[in-house]
Amino acid sequence: MVRHSSRISLSQSALANNISFIRKKIGVGTRISSVVKANAYGHGIEQFVPMAEQCGVDHFAVASAFEAQEVLKYCAPTSKIMIMGILYDCDIPWAIDNGIEFYVFNYSRLPKALEAAQKLGKKAIIHLEVETGANRTGMWAHEFPLALDFMKQHATHLAFEGLCTHFGGAEHLSNKFKMDVQHKKYEDFLQVCHDAGIMPRYRHIACSAAIFNVPGSTYDMVRVGILQYGYWPSPDTYAVHLKDMGKSSDNPLRRIFTWKTDIMDIRKVLAGEFIGYGTTFHATKEMRIAVLPLGYSNGYPRGLSNQGKVLIGGKIASVVGLINMNLFMVDITHIPDVEIGDEVVLVGTQQQHTLTVASFTDIAELVNTEMLSRLPAAIPRKVVS
Ligand SMILES: *Cc1c(COP(=O)(O)O)cnc(C)c1O
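Basis of the calculations
Residues numbered from 1 in each chain as written. Predicted model: local features only at pLDDT ≥ 70, side-chain atom pairs only at ≥ 80, totals over all residues. Heavy atoms only, no water. Domains from an automatic or database assignment. 1 Å grid on protein atoms, 1.4 Å probe; cavity = no way out; pocket = protein on both sides within 12 Å on 5 of 7 lines; lining within 4 Å. Points joined across faces, edges and corners; volume = space filled by probe spheres on them. Helix = DSSP H or I, 4+ residues; strand = E, 2+ residues; numbered from the N terminus. Nonpolar A, V, L, I, M, F, W, Y, C, P; charged D, E, K, R; others polar. Near = heavy atom within 4 Å. Polar contact = N/O pair within 3.5 Å; in protein donor to acceptor, adjacent residues only side chain to side chain. Areas by Shrake-Rupley, 256 points an atom, 1.4 Å probe, with all protein chains shown as cover. Sits in = over half its atoms within 2 Å of the grid points. Core = buried A, V, L, I, M, F, W, Y, C linked by side-chain atoms within 4.5 Å. Buried < 20%, exposed > 50% of the residue type's maximum accessible area, 1.4 Å probe, protein only. Contact = heavy atoms within 4.5 Å. Axes fitted to C-alpha atoms, helices over the stretch in contact; angles between N-to-C directions. Parallel < 35°, antiparallel > 145°, perpendicular 65-115°, else oblique. Left-handed = near helix turned anticlockwise from the far one by under 90°. Pairing = 2+ DSSP bridges. Expected span 1.5 Å × (residues − 1).

### Comments concerning the domain arrangement of the chain
Taken domain by domain, the chain consists of domain 1 (12–245) and domain 2 (257–355). A C-alpha centroid distance of 41 Å is found between domain 1 and domain 2.

### Observations regarding the layout of surface pockets
If a probe as big as a water molecule is rolled over the atoms, it shows which places are left empty. When its volume is computed, the largest pocket comes out at roughly 710 Å³. Looking at the largest pocket, it is lined by 31 residues, and the ones nearest its centre are K37, Y41, R136, H166 and E171. Mapped by element, the contributors of at least two residues to the lining of the largest pocket are α2 (37–41), β4 (80–86), α9 (208–213) and α11 (369–374). By residue class, the composition of the lining of the largest pocket is 14 nonpolar, 11 polar and 6 charged.

### Observations concerning the site of the ligand
Taken together, V35, K37, Y41, M84, R136, H166, C207, S208, R223, V224, G225 and I226 make up the full set of residues near the ligand. Between S208 and the ligand, the recorded distance is 2.5 Å, taken from a side-chain N or O atom to an oxygen atom. When isolated, the ligand has an accessible area of 390 Å², and the protein chains bury 90% of it. Comparing atom positions with the cavity grids shows the ligand to sit within the largest pocket. Listed by contribution, the elements that provide at least two residues to the shell around the ligand are α2 and β9 (221–224).

### Quick notes on the nonpolar core
Grouped together as the largest cluster of nonpolar side chains are 112 residues, with contacts concentrated most on F102, L128, W259 and I312. It is helix α1 (residues 12–26) that contributes the most residues to this core, 6 residues altogether. Residues lining this core come from more than one domain, with at least three contributed by each of domain 1 (12–245) and domain 2 (257–355). Look past the residues within four positions of F102 in its chain and what remains in contact with it is I83, L87, I92, A95, I96, A113, A124, I125, I126 and H127.

### Topic: helix α3 (residues 45–54)
Among the residues of α3, I45, Q47, F48, V49, M51 and A52 are the ones counted as buried. Among the residues trailing α3, G56 stands out with phi positive, at a value near 90°.

### A few points about the packing of α3 against helix α4 (residues 65–74)
Packing of α3 against α4 leaves a shortest axis separation of 9 Å and a crossing angle of 60°. Between α3 and α4, the angle is such that the two are oblique. Between α3 and α4 the crossing geometry is right-handed. Contacts from I45, E46, V49, P50 and E53 of α3 reach α4 at E67, E70, V71 and Y74.

### Things to note about the environment of Y186
Topologically, Y186 is positioned in helix α8 (residues 176–196). Residues Y186 and H166, spaced 20 residues apart in sequence, show a C-alpha to C-alpha distance of 9.9 Å. Not counting residues up to four positions away in its chain, the partners in contact with Y186 are V130, T132, L163, C164, T165, R203, H204, I205 and Y219.

### Description of the sheet that holds strand β6 (residues 124–129)
The strand order across the open sheet built from 8 strands is β8-β7-β6-β5-β4-β3-β2-β9, with neighbouring strands paired in parallel fashion. If you trace the sheet from one side to the other, it starts and ends with β8 (202–204) and β9, each paired once. The sheet shows a mean angle of 30° between the axes of neighbouring strands, direction not considered. Along the sheet, α4 contacts β3 (59–64) and β4; its crossing angle with β3, the most-contacted strand, is approximately 145°.

### Considering α1
Under the 1.5 Å per step criterion, the end-to-end length of α1 is 21 Å for 15 residues, consistent within 8% with the ideal 21 Å. Immediately beyond the C-terminal end of α1, within one or two residues, lies G27, with a positive phi of roughly 90°.

Next up, the structure:
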């Protein structure tokens, strides 16, 4: 039985291209931590992690212990996994036992990690996260010396693997003053480490956008999400790249993701009729439409009602009417020789056209990474060359 009405393919050569661009950009001394939260931004942890390892990546960052467990299932034994977000107290022993690195963003967590590490006779591998201005998670300056002291006293059970923070908005150059303040505060924390005579193994603060927009922020490791999948974090980052290259156009990134389905039915709509639910699309002339077998329950955003575009026969077809739970319709009046069962590209390239995904909602780009990150894990994903 055919269980899924759409399919995703992932290009190994596109990923190799992107990783090689990132390596050139950050230099050989800086490690890549591949951010694979949200099921690898919808690409699929199961497929994406081994693909990244083929490109030499050996460090993965996730948002939760559950995601760490997913990565652990599919990664090489030599790869490292780092939890940046939620790790419940009850899962701390599991993380330590499996050598999973994790963020500690308040002092009270350290004694808990120590207790678990002592019980297991293993080291807890800790990244201390500090508050520099994003006001999300991170230790305050006043509790930081205590934390360092604790790490120092219990160095046999607590490894000081990293000192980190996260920029709140490195995508946009208009936030530059905020990024500069955050960067400066981070350096103050480093100075405190230096003065205390205990340094982290990895200093890491940069996400994809910071590589371009915050000079000097790459340190020993960068946490790269969106860029490795082939998307510019924002128009600003692309502009900075062009300026660095001294070119007016130069896109070194390739998208690795393609999402396809097939036409379920083709029908004629008479002039004056409404298409689908309600009255949101009025056919003012006779039209030919294709019915596609997926909807918002299958990951195609409802927000693309009367807005989205797909590719059929190498041509752009517009969504007509509302995206339903399991169906939507597109206008194919202008595309000749279309048949039931023909391939439809939802995101990706077909002949000379490409439908792209922007990382931030951009009306012109139509779809975005919020959509990617919500794609049902059940859609089959296949790695292609
Ligand atoms: C998601 C995330 C990243 C990666 O961000 P991109 O913009 O996708 O590169 C880096 N660090 C932290 C803490 C994150 O949550």
